[in-house]
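Structure at a glance
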Amino acid sequence: MGVSIASSGGKRSLDAELNLVPFIDLLSSCIAFLLMTAVWSSMYRIDATNKNSGAAGTMEKKDTPVDRLVLVVDTRGYTVIAGKEKYLIPKKGELYDVPELEKKLKQVKGYYPDRLDMNVAVSVGVLYADITQAMDTSIGMGFTDVSLTDATGVI
Amino acid sequence: MPIHTTGRRLGRSITLKTVRDKVSGKGKHGVYANIQLTSMVDMFTIMVVFLLQTFSASGELLYVQKDITVPDVNNWRELGIAPLIAVGAETITLDGFEVARPADLAAAPDTEWDMPALEEKLNEAKAMFKVVHPGETFSGEIIIQADKSIDFKILRRVLFACAKAEYVSVHFAVRSKAGSGPSAAPPKE
């Protein structure tokens, strides 16, 4: 840092001059590095356990019987299966009724607060965007352990 | 006392001509110009702050293919490194190598589930993993980067081939919706 000094005999100036050269050097280096390492399109992930490994629509057999939690996504809409209960959420026109699904999943979560698993069963004709939307909604409602399977034979 | 003509007298005693000219105001203008640095430093600072905010330490792990538009979700997690199956409208690739064409899969009957070419490549990748990582357990992780408009009929066959090759932990590549955050991880069994 350089300091301007007044002529001899006079008072010293209160203004100090910063040496900007190293500061500008540092900023330029930072900009060059950050521009080179910049990631403009970050990709993330949404997880699912793949259960398309055999007979379609089969559930895992466990020692203690548990109520199955299934979210069926087909061309008519959503069907939430919680134990023996079934709730049909039909499409609104061409679009899936996501707010209604959220409400229903929240209600199911109230019945099964300890359950984190949700089996998303999809039928042929459903688009990938709608599948991820259903999975995303399930995760958002607290069913973080999502598995994906074919819907044939589930209902 | 002699009378002198009026004029400047300051600095006449200086012997060095250049300095004398400077002091008396006769010198040439300097060739150096002062640059206004304040605005440039301001701009640099703003750029550094912006680039630091968008900085990602994990880097770009996979590239988005031209014909693939991945869906946007609210509950996402950070992407790791795993074999990548890209399912586009024109082609299906595993780590860049074409394994099938979606049009052929769509034309097949619904009862057709197998996808031998993909299964074979996945088995090769699994065998390679075991060679490269001899002490590690095979996690069965795979990333699927599919276009929004892909039918589950095609995706189902890809998933079936993955499951047959023991790739059961599927990560769907997505983008984050604006304002969304990472989701909580499911508990490890």
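Residue numbering note: each chain is counted from 1, following its sequence as written. For this description, chains carry letters from A and ligands carry numbers from 1, given in the order in which they are written. Thresholds applied to this predicted model are a pLDDT of at least 70 for local features of residues and 80 or more for the giving and counting of side-chain atom pairs; totals over whole chains, interfaces and linings are not thresholded and use all residues. Values reported for side chains reflect all heavy atoms of the structure, with hydrogen atoms and water molecules removed beforehand.

The next subject is the packing of helix α2 (residues 98-111) of chain A against helix α3 (residues 128-140) of chain A. Residue and element names in this part refer to chain A. Inter-axis angles, ranging from 0 to 180 degrees, are taken between N-to-C directions of lines fitted to C-alpha atoms, where helices are fitted over the stretch in contact. Comment: elements are numbered from the N terminus, with helices defined as DSSP H or I runs of at least four residues and strands as E runs of at least two. At a minimum axis separation of 10 Å, α2 and α3 run at an interaxial angle of 35 degrees. Viewed along their axes, α2 and α3 form a crossing whose handedness is right-handed. Taken together, the residues of α3 that come into contact with α2 (itself represented by V98, L101, E102 and L105) are Q133, T137 and S138. Only Asp, Glu, Lys and Arg are considered charged in this grouping, and only Ala, Val, Leu, Ile, Met, Phe, Trp, Tyr, Cys and Pro are considered nonpolar; every other residue, Gly among them, is considered polar. The residue makeup of the contact of α2 with α3, split by class, is three nonpolar, three polar and one charged. Note on convention: near helix rotated counterclockwise from far helix by under a right angle means a left-handed crossing. Clockwise means right-handed. Contacts are residue-level and defined by heavy atoms, with any inter-residue pair within 4.5 Å sufficient.

In the case of a regular strand, side chains alternate between the two sheet surfaces. Residue and element names in this part refer to chain A. The buried fraction of strand β5 (residues 77-82) is high, at six of six residues. Strand pairing is assigned whenever DSSP detects at least two bridges linking the two strands. Note that strand β4 (residues 69-74) and β5 share six bridges and pair antiparallel. Within β5, the residue paired with L69 across the bridge is A82. Relative to strand β6 (residues 85-90), β5 is paired through six bridges, and the arrangement is antiparallel. Bridging across to β6, T79 finds its partner in L88. From the end of β5 to the start of β6, which pair antiparallel, there are two residues, and G83 there has a positive phi angle of about 70 degrees. Any residue under 20% of the maximum accessible area for its type is buried, any over 50% is exposed, and the rest in between are partly exposed; the area is computed with a 1.4 Å probe on protein chains only.

Take the environment of L94 of chain B next. Residues and elements named next belong to chain B. Topologically, L94 is positioned in strand β3 (residues 92-94). Separated by 50 residues in the primary sequence, L94 and I144 place their C-alpha atoms 9.3 Å from one another. When neighbours within four sequence positions are excluded, L94 is seen to be in contact with P83, L84, I85, V99, L118, K121 and L122.

Each aromatic ring pair is characterised by the separation of its centres together with the angle its planes make. Stacked, tilted and edge-to-face are the three classes assigned to paired rings of Phe, Tyr and Trp, where Trp is represented by its six-membered ring and a pair needs centres within 6.5 Å; plane angles under 30 degrees give stacked, over 60 edge-to-face, the rest tilted. Going through the model one piece at a time under the given rule, you end up with seven aromatic pairs over all chains. Both rings, one in F33 of chain A and one in F55 of chain B, keep their centres 6.3 Å apart while their planes meet at 40 degrees; by these two values the pair is tilted. Placement of the pair is F33 of chain A in helix α1 (residues 21-36) and F55 of chain B in the loop between α2 (37-53) and β1 (72-78), with the two residues belonging to separate chains. Given the relative accessible area of 47%, F33 of chain A is considered partly exposed. Note on F55 of chain B: relative accessible area 35%, which makes it partly exposed. In textbook terms, an aromatic cluster arises when at least three aromatic residues are bridged by ring pairs, as seen for F129, F138 and Y167 of chain B. In this structure, K104 of chain A packs its charged tip against the face of Y87 of chain A, placed 4.2 Å from the ring centre. Across from the ring centre of Y112 of chain A, 5.8 Å away, lies the NZ or CZ of R115 of chain A, which sits over that ring. Lysine NZ or arginine CZ positioned within 6 Å of the ring centre and within 35 degrees of the ring normal marks a charge as sitting over the ring.

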